[in-house]
Amino acid sequence: MMLKRLNHIAIALNNLDDGINIYKGIFGASISDRVALPEHGVTTIFVKLKNTNIELLEPLGKNSPISNFLIKNPSGGIHHLCYEVNDINKSIEKLKRKGYTVLGSGIPRKGAHGKPVIFLHPKQFIGTLIELEEVK
Ligand code: CO
C-alpha cells in the first residue's frame, strides 16, 4: 500500500482573503500564516481540521501553474488531493515502472511543509491531480 493518510485537499482561488473570510470568518476554523512558495508559483494558507487540512492556493508570479485552472474556474475550485507516502523515491520508481508520468522534472521538490513532494497527471489518475508527500 503506497498511500497513507490524506494530507490535504487543495482549493485554488484568485484571492486568499476570500478563502480566509469563508474558512476563518464563517466556519471559524484555525488557519496558518501565508506561505509564499515562489518555486511552485503559489502562496498557500492551511486550514487545520481534525482529520485533514485544506490548502488554499493563490497564484504567485506571472507563470503560476494554477493560472490556467483559474481561467477555467474563475470562482475557484478543488485543485488537487495530497496523499502521504513513506518513501517518495520508491513510490516514483514504482509508478515509472508501471508507465506513469511524474510531472515536472520527476525529481521531488520541497512542498508547503518543507517535505519532498511530486505531482501526478490527472489524465492518468481519473481526472484528479495528485500530490504525493513523503511523511515519515
Ligand atoms: Co498541496
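Residues numbered from 1 in each chain as written. Predicted model: local features only at pLDDT ≥ 70, side-chain atom pairs only at ≥ 80, totals over all residues. Heavy atoms only, no water.

**Considering the coordination of the cobalt ion**
Looking at the cobalt ion, one finds its protein donor set to be His8 (NE2), Glu55 (OE), His80 (NE2) and Glu131 (OE), positioned 2.0 to 2.2 Å from the metal centre. Classification of the site at the cobalt ion as irregular follows from its four donor atoms and the range of 86 to 177° in their angles at the metal. Counting gaps between the donor residues of the cobalt ion yields the pattern H-x46-E-x24-H-x50-E. Here His80, found in strand 6 (residues 77-85), pairs with Glu131, found in strand 9 (residues 130-134); they are 51 residues apart in sequence, far enough to count as distant. Exposure remark for Glu131: the relative accessible area of 4% places this residue in the buried category. (Donors = N, O, S within 2.8 Å, 3.2 Å for Na, K, Ca; no water. Tetrahedral: all angles 85-135°; square planar, octahedral: opposite > 155°, others 65-115°. Helix = DSSP H or I, 4+ residues; strand = E, 2+ residues; numbered from the N terminus. Buried < 20%, exposed > 50% of the residue type's maximum accessible area, 1.4 Å probe, protein only.)

**Here we look at helix 1 (residues 16-26)**
Taken residue by residue, helix 1 has Leu16, Gly19 and Tyr23 as its buried positions. The buried residues of helix 1 occupy an angular sector of 60° when projected down its axis, which confines them to one face. Residues of helix 1 that are exposed and angled more than 90 degrees away from the buried face: Gly25 and Ile26. Among the structural elements, strand 1 (3-12), strand 4 (42-48) and strand 5 (53-59) are those in contact with the buried residues of helix 1. Of the residues flanking the start of helix 1, the one acting as N-cap is Asn15, its side-chain oxygen 2.9 Å from the backbone nitrogen of Asp17. Note on helix 1: the residue one or two positions beyond its end, Gly28, has a positive phi of about 70°. (Arc of directions from axis to C-beta. Contact = heavy atoms within 4.5 Å. Polar contact = N/O pair within 3.5 Å; in protein donor to acceptor, adjacent residues only side chain to side chain.)

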